[in-house]
Structures are given as C-alpha cells and as structure tokens.
Amino acid sequence: MEKLKDDQLEAFDTEYVHDQRWAPIARCIDRDFADRPFTFLDIGGGNGIFADRVLAHYPNARGVVLDNAQMLLDRNKPQERKRVVLGSAEDLATCCPGEHFDLIFFNWVLHHLVDGSSFSNTRRYVDQALHGAKGLLASGGRISIFENMYNGLVLDGLPGWLVYQLTSAKAIAGLVRRGGANTAGAGVCFRSRRQWEEVFTGCGLQILDYTDDKKWKIPLAYHVFLHIGNLRCGHLWLA
Ligand SMILES: C[S@@+](CC[C@H](N)C(=O)[O-])C[C@H]1O[C@@H](n2cnc3c(N)ncnc32)[C@H](O)[C@@H]1O
C-alpha cells in the first residue's frame, strides 16, 4: 500500500471535528458509556487533537493515538492519559497486542486504505482494518467513523471510482496535485453513503446511528466531471 510523503501529510496537521461534528459523538458516548470510564483507540489519529478533545471532555477516559506517520505523531501534546503508537490500520493485531478498547475511532482514515495499482483490491484493506478493529473491541464496544459521502448523480458509486482513478494515476500526479488533491499519486477511495454502509454491514458491524452535515457547496465542475450528486460528511456509530 502506498504511504503518503511528509509534504503530503502536512495538510493533515489539522482537526476536522468542529463543534457541530463533535455533537453526535458526544451524544453517542453519553448514551452508551454514561459516566463509566472507557478506553479508546484513535486510528489515523495523527496530531492527537481529536484524542485531546475526548480526554478533556471525559476525565475518566484513556486513549491511544495510532498512525503510520511518525511526523504527525511527533506533534502530539504530551498527556498523561494518552499514548501514541506508530502502526498501520490494516495491521492492527500487531500494533496493540493483548489490548482491548471500548471505543475505536476511524476519522477520515478508511478512504486512505487503498491499493494504488488496483481498484478491486482497495476494499481488501478496508475490510482488513475493520476486522482488525473488531478484534480489538472490548465487550459492548463501539466503532465511530467519520467519512465523506460522495453520492453520485445517477450512478451512485461513480464519483468515488473517478476520484480513485485520478488520485492513483502516477503519470498525472503533478497535475492532480495542482488541482487540489494532496493525495495525488498515492490514491484515495471515497464511497457513497450506501457503499460505506455496505462495507460496514458486510464486515458484520451493526449501524446504530447515522448523522451527516449539510450538503457541501461544491463547484459545478465537480458535479459535471466527477458525477457528484451531493457530497457531505457522515458520522456512523457501529456495534
Ligand atoms: C485525513 S487525515 C485525518 C486525521 C485525523 N484523524 C483527523 O480527523 O483530523 C488521515 C490520517 O490517517 C493517517 N493514515 C493514513 N493511512 C494510514 C494507515 N494505513 N494506517 C494508519 N494511519 C494512516 C494519516 O497519517 C493521517 O493522520
């Protein structure tokens, strides 16, 4: 699997979970864990800003931030209840041997788990990561996922396929990067809401809760050339 270069990772030294996106997570945690202490694993947690927010909100929580980019892990603020682990989402069993977590987050990381040379192999890495996460869940545990939902105009899955083709094509990586895709050359695979849900239920996970934000305002060219009907960010809470 293609790893992003440090200059491509620089764009991820940010935080995408603003207050509006935090609300459904807090609601689900409050409902399913009430006031009891819980442990969490933030897969692709990078600079740890999201983990710090969870820890600040829940003083009884402890967490691990896992990422395959040392550069982003190095940007974590030290926190007594937080640990950072260098590891890969598709190889979770070896990252945290013997550990179990009440809650596992995948915030905008699953679309990075691609095989840059074959679209049909791409799903394999996502399934591997989800099965790995299931193996690390404590009894009664939950998986929380943020992903972008690329819903097609007519053909539901076409935008995700087109974005994959554009971002994984090495010959046009410079051009695609100038067009705004920092993952050019490595590849990303977004899916429609229906496709993401099929991936999760196909791995034996149950969808307990789904929320999304408003349709994003995107340029007309995205609708025309990428066949996007609507694009939004969705949050799934799974058992
Ligand atoms: C779009 S960023 C999201 C960062 C963070 N989760 C957030 O919401 O702000 C994707 C993150 O996934 C990490 N990542 C990409 N592929 C990974 C893999 N195979 N294993 C672990 N982390 C990965 C990247 O290094 C990056 O930190």
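So, here's what we can say about the structure. (Residues numbered from 1 in each chain as written. Predicted model: local features only at pLDDT ≥ 70, side-chain atom pairs only at ≥ 80, totals over all residues. Heavy atoms only, no water.)

### Comments concerning the site of the ligand
Gly44, Asp67, Ala89, Glu90 and Asn107 are the nearest of the 21 residues found near the ligand. Between the ligand and the protein, one listed contact pairs a nitrogen atom with a backbone N or O atom of Gly44 at 2.8 Å. Asn107 has a polar backbone atom sitting 3.0 Å from a nitrogen atom of the ligand. In isolation the ligand has 590 Å² of accessible area, and contact with the protein removes 96% of it. Partitioning the shell around the ligand into residue classes produces ten nonpolar, eight polar and three charged. (Near = heavy atom within 4 Å. Polar contact = N/O pair within 3.5 Å; in protein donor to acceptor, adjacent residues only side chain to side chain. Areas by Shrake-Rupley, 256 points an atom, 1.4 Å probe, with all protein chains shown as cover. Nonpolar A, V, L, I, M, F, W, Y, C, P; charged D, E, K, R; others polar.)

### Considering the pattern of salt bridges
Tallying each qualifying case throughout the model produces 17 salt bridges. The salt bridge involving Arg27 is made with Asp209; its shortest N-O contact spans 3.3 Å. One end of the pair, Arg27, is in helix H2 (residues 19-33); the other, Asp209, is in strand S6 (residues 207-212), and 182 residues separate them in sequence. Residue classification places Arg27 among the partly exposed residues on the basis of a relative accessible area of 38%. Asp209 gets classed as buried once you look at its relative accessible area, which sits at 12%. Among the ionic pairs, Arg194 bridges to Glu198, the shortest N-O distance being 3.9 Å. Pair noted here: Arg194 and Glu198 are both in helix H9 (residues 193-202), with a separation of four residues, about one helical turn. A relative accessible area of 46% means that Glu198 is categorised as partly exposed. (Salt bridge = Lys/Arg side-chain N within 4 Å of Asp/Glu carboxyl O. Helix = DSSP H or I, 4+ residues; strand = E, 2+ residues; numbered from the N terminus. Buried < 20%, exposed > 50% of the residue type's maximum accessible area, 1.4 Å probe, protein only.)

### Digging into the environment of Lys77
Tracing the sequence through the fold places Lys77 in the loop between helix H4 (70-73) and strand S3 (82-86). Along the backbone, Lys77 and Ser118 are 41 residues apart, and their C-alpha atoms lie at a distance of 38 Å.

### Brief notes about helix H3 (residues 49-57)
Restricting attention to buried positions, one finds in H3 the residues Phe50, Ala51, Asp52, Val54 and Leu55. Structurally, H3 contributes buried residues whose contacts are with H2, strand S1 (39-43), strand S2 (62-67), S3 and strand S4 (101-107). (Contact = heavy atoms within 4.5 Å.)

### Examining the packing of helix H6 (residues 119-136) against H9
Packed helix pairs are specified by the crossing angle of their axes together with the interaxial distance, meaning the distance between the axes. Between H6 and H9, the least distance of the axes is 10 Å, while the angle of their chain directions is 50 degrees. Comparing the axis directions of H6 and H9 gives the class oblique. In this structure, the crossing between H6 and H9 has a hand that is right-handed. For the pair H6 and H9, the contacting residues are Arg123, Val126, Asp127 and Leu130 in the first and Glu198, Val199, Phe200 and Gly202 in the second. (Axes fitted to C-alpha atoms, helices over the stretch in contact; angles between N-to-C directions. Parallel < 35°, antiparallel > 145°, perpendicular 65-115°, else oblique. Left-handed = near helix turned anticlockwise from the far one by under 90°.)

### Some words on the side chain of Arg81
Tracing the backbone shows Arg81 in the loop between H4 and S3. Buried charge without a salt bridge: Arg81, with Glu80 as the nearest opposite-charge side chain at an N-O distance of 5.6 Å. Here Tyr58 takes part through its backbone oxygen, which lies 3.2 Å from a polar atom of the side chain of Arg81. Excluding anything up to four places from it in sequence, Arg81 contacts Leu55, Tyr58, Pro59, Asn60, Ala61, Arg62 and Gly63. (Lys, Arg positive; Asp, Glu negative; His and termini not counted.)

### Some points on the side chain of Asn148
You can see Asn148 is positioned in strand S5 (residues 137-152). The class of Asn148 is buried, set by a relative accessible area of 10%. Polar contacts involving the side chain of Asn148 include one to the side chain of Trp108, which spans 3.0 Å. Sequence-distant contacts of Asn148, defined by excluding residues within four places in its chain, comprise Trp108, Phe190, Arg191, Trp196, Trp216, Leu231, Arg232 and Cys233.

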